[in-house]
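# A closer look at the structure
These are the residues of each chain, in order.
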Amino acid sequence: MKRLWWYAIGTAVLAVGAVAQVGMIQDLNWDCVKPAYVIAWDFNGDGFDDFAVACHSCNMIVVGLNPTDRECRKTCPVSWSTPKTFALGDSPTALAWGLFGSGVGPYEKKIVAITQYTPAWTSFKVTDTSANLTTLPLITAIHTIAGDFNSDGALDVAVLDPVGLTIHFPTGKISPVSLKGHAVAGQPTFLATADFDRDGDLDIVVASGTSLLFFENTCGGAFVFKVALPVAVALRSIAITDFDNDGRVDVAVVDPAFGGLIALRNMGCWSFEVASRVKLDQEPVFVIPVDLNRDGRMDFAVAQYGGDVVSLVMNQGAGRFKLERSIPVGRQPISIAAGDFNGDGILDLVVALSGGGPNGVGPAIQVIYNPLCATDDCTDMAPCCGGSGTPPCRP
């Protein structure tokens with residue numbers, strides 16, 4: 001397996017043909033050196049999904065704002081314009097997003113970013129002209145999440161320091177969470193949040209070495225260690241979703257050393273059991289939940305760094321999952337996000353490629369339209385398969 005350090009994770013159109021037809025893949029050759037992380041959301045509130053990419057080795061964030069057309073669906077692929085850039089004084093490692101504000105508002109859509117070498121964080125709107133960093137009292141910072149951890153109606157930010165073994169909260173007056181005694185320095189890689197015990201407070205889970213570390217939010221952002229769940233060898237990205245539709249949030253995690261995706265069912269009362277292990281032996285490093293075939297069950301899309309593929313893992317029901325297909329992409333996919341970029345009602349994928357961009361080979365970013373070639377609700381056709389043309393306007 002390739003040596004892969006978290007800190008180093010850093011417009012042509014390509015129709016991918018295979019035995020099974022897949023969606024159209026669009027290359028975005030933007031100035032982004034060592035793309036490290038990607039998120040997708042409607043950042044400017046115009047009704048169309050955008051995406052943002054952390055460019056680790058050129059100290060900036062690029063934001064692809066979706067050109068809007070309220071009368072017709074977009075062409076496939078979307079005609080992305082030159083991205084908006086936000087320069088930072090350090091290397092960004094991870095991004096988050098959310099509606100930030102307090103009390104009764106106003107609430108503003110903001111992107112959150114953290115940086116590595118001089119640990120700092122920032123939050124900004126895409127309408128801003130710059131992103132100003134605020135220094136963090138940490139050794140380093142590799143991952144961040146947003147959530148209302150103290151239940152005051154305002155989003156907070158949590159930042160993971162794997163060397164100092166702490167989760168720091170730069171907002172919300174929340175005490176840091178110590179990982180000492182539960183993790184080895186350098187091993188924690190990823191944070192995720194959900195209300196695992198259904199008490200109304202957001203809890204936190206950390207991927208660290210062989211184990212998932214769960215911390216219960218006892219009230220108002222007071223976290224206590226709850227349970228360590230050993231599941232593989234060197235855990236990385238976590239996905240949170242209710243994959244068995246029982247009303248409790250479940251967990252999935254990928255492990256490039258183990259070579260697989262592990263789906264864990266939430267049994268209640270802080271008990272989790274492995275529901276499925278799916279072999280993914282090309283270094284799976286990032287996983288997201290997404291209903292790829294729109295059957296009401298959450299599937300998973302996985303970036304496999306060593307194989308230059310995005311793998312689609314389908315929910316078979318009853319906690320069972322199956323690898324449906326792997327889509328060839330550019331070099332070293334490191335992060336992935338989902339959004340409906342062409343406005344056809346079907347979720348697309350966007351992939352950050354650590355081995356692409358100006359200092360790499362190939363594109364920095366790729367958009368995979370309609371990855372399963374699902375049927376469109378309006379036309380009963382798959383509008384973005386195999387490089388087919390422009391979808392029609394909605395009636």
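Residues numbered from 1 in each chain as written. Predicted model: local features only at pLDDT ≥ 70, side-chain atom pairs only at ≥ 80, totals over all residues. Heavy atoms only, no water.

### A closer look at the pairing of strand E21 (residues 260–268)
The following threshold applies: Under the scheme applied here, a residue whose accessible area is under 20% of the maximum for its type counts as buried, over 50% as exposed, and between as partly exposed, the area being computed with a 1.4 Å probe on protein chains only. Only DSSP runs of H or I covering at least 4 residues are called helices, and only runs of E covering at least 2 are called strands; the numbering of each starts at the N terminus. Two strands form a pair only when DSSP identifies at least two bridges running between them.
Of all the 9 residues making up E21, 8 are buried; the element is thus mostly covered by neighbouring parts of the structure. Sheet analysis places strand E20 (residues 250–255) next to E21, joined by 5 bridges and oriented antiparallel. In the strand pairing of E21, Val-253 is matched with Ile-262. Linking E20 back to E21 in an antiparallel pair, the connection comprises 4 residues, with Gly-259 at a positive phi of about 80°. Where E21 and strand E22 (residues 271–279) come together, 8 bridges link them in antiparallel fashion. From the neighbouring strand, Asn-266 faces E22, where its bridge partner is Phe-272. The turn linking E21 back onto E22 is made up of 2 residues, and Cys-269 within it adopts a positive phi angle of 55°.

### Overview of the pairing of strand E4 (residues 50–55)
Of all the 6 residues making up E4, 6 are buried; the element is thus mostly covered by neighbouring parts of the structure. Taking every second residue as pointing to the same face, both faces of E4 are buried, with Asp-50, Ala-52 and Ala-54 on one and Phe-51, Val-53 and Cys-55 on the other. Relative to E4, strand E3 (residues 35–41) runs antiparallel, the two being bridged by 6 bridges. Among the inter-strand pairings, Trp-41 is bridged to a residue of E4, identified as Asp-50. Hairpin connection of E4 to strand E5 (residues 60–64): 4 residues between the antiparallel strands, including Asn-59 at a positive phi of 55°.

### Quick notes on the nonpolar core
It is characteristic of soluble globular proteins that their nonpolar side chains tend to be buried jointly. Where we set the bar: We call a set of buried Ala, Val, Leu, Ile, Met, Phe, Trp, Tyr and Cys residues a nonpolar core when their side-chain atoms join them within 4.5 Å. By the convention used here, residues are in contact when the closest approach between their heavy atoms is within 4.5 Å.
Counting residues in each nonpolar core, the largest one holds 91 residues, and the members touching the most others are Phe-51 and Leu-212. Setting aside chain neighbours within four positions, we find Leu-212 in contact with Val-205, Val-206, Ala-207, Val-227, Ala-228, Leu-229, Leu-235, Ile-238, Val-251, Val-253 and Leu-264. Counting 18 residues, the second-largest nonpolar core is a separate cluster that includes Ala-158, Leu-160, Leu-191 and Phe-215.

### Some words on the layout of surface pockets
Operational definition: For each structure, a 1 Å grid was placed over the protein atoms alone; sets of points admitting a 1.4 Å probe that cannot get out are labelled cavities, open sets with protein on both sides within 12 Å along at least five of seven lines are labelled pockets, and lining residues have an atom within 4 Å of a point. Grid points are joined across faces, edges and corners, and a volume is the space filled by probe spheres set on the points. Any residue outside Ala, Val, Leu, Ile, Met, Phe, Trp, Tyr, Cys, Pro, Asp, Glu, Lys and Arg is labelled polar, Gly included; the first ten of those are nonpolar and the last four are charged.
The calculated volume of the largest pocket comes to roughly 800 Å³. Looking at the largest pocket, it is lined by 34 residues, and the ones nearest its centre are Tyr-37, Ile-39, Trp-97, Ile-288 and Pro-289. Counted by class, the lining of the largest pocket contains 26 nonpolar, 6 polar and 2 charged residues.

### What about the sheet that holds strand E9 (residues 120–124)?
The 4 strands lie next to each other as E7-E8-E9-E10, forming an open sheet whose pairing is antiparallel. Looking at the sheet topology across the chains shown, the edges are occupied by strand E7 (92–100) and strand E10 (134–135). When E7 meets strand E8 (residues 108–115), the two strands line up antiparallel, connected through 8 bridges. Along E8, the bridge assignment pairs Pro-92 with Thr-115.

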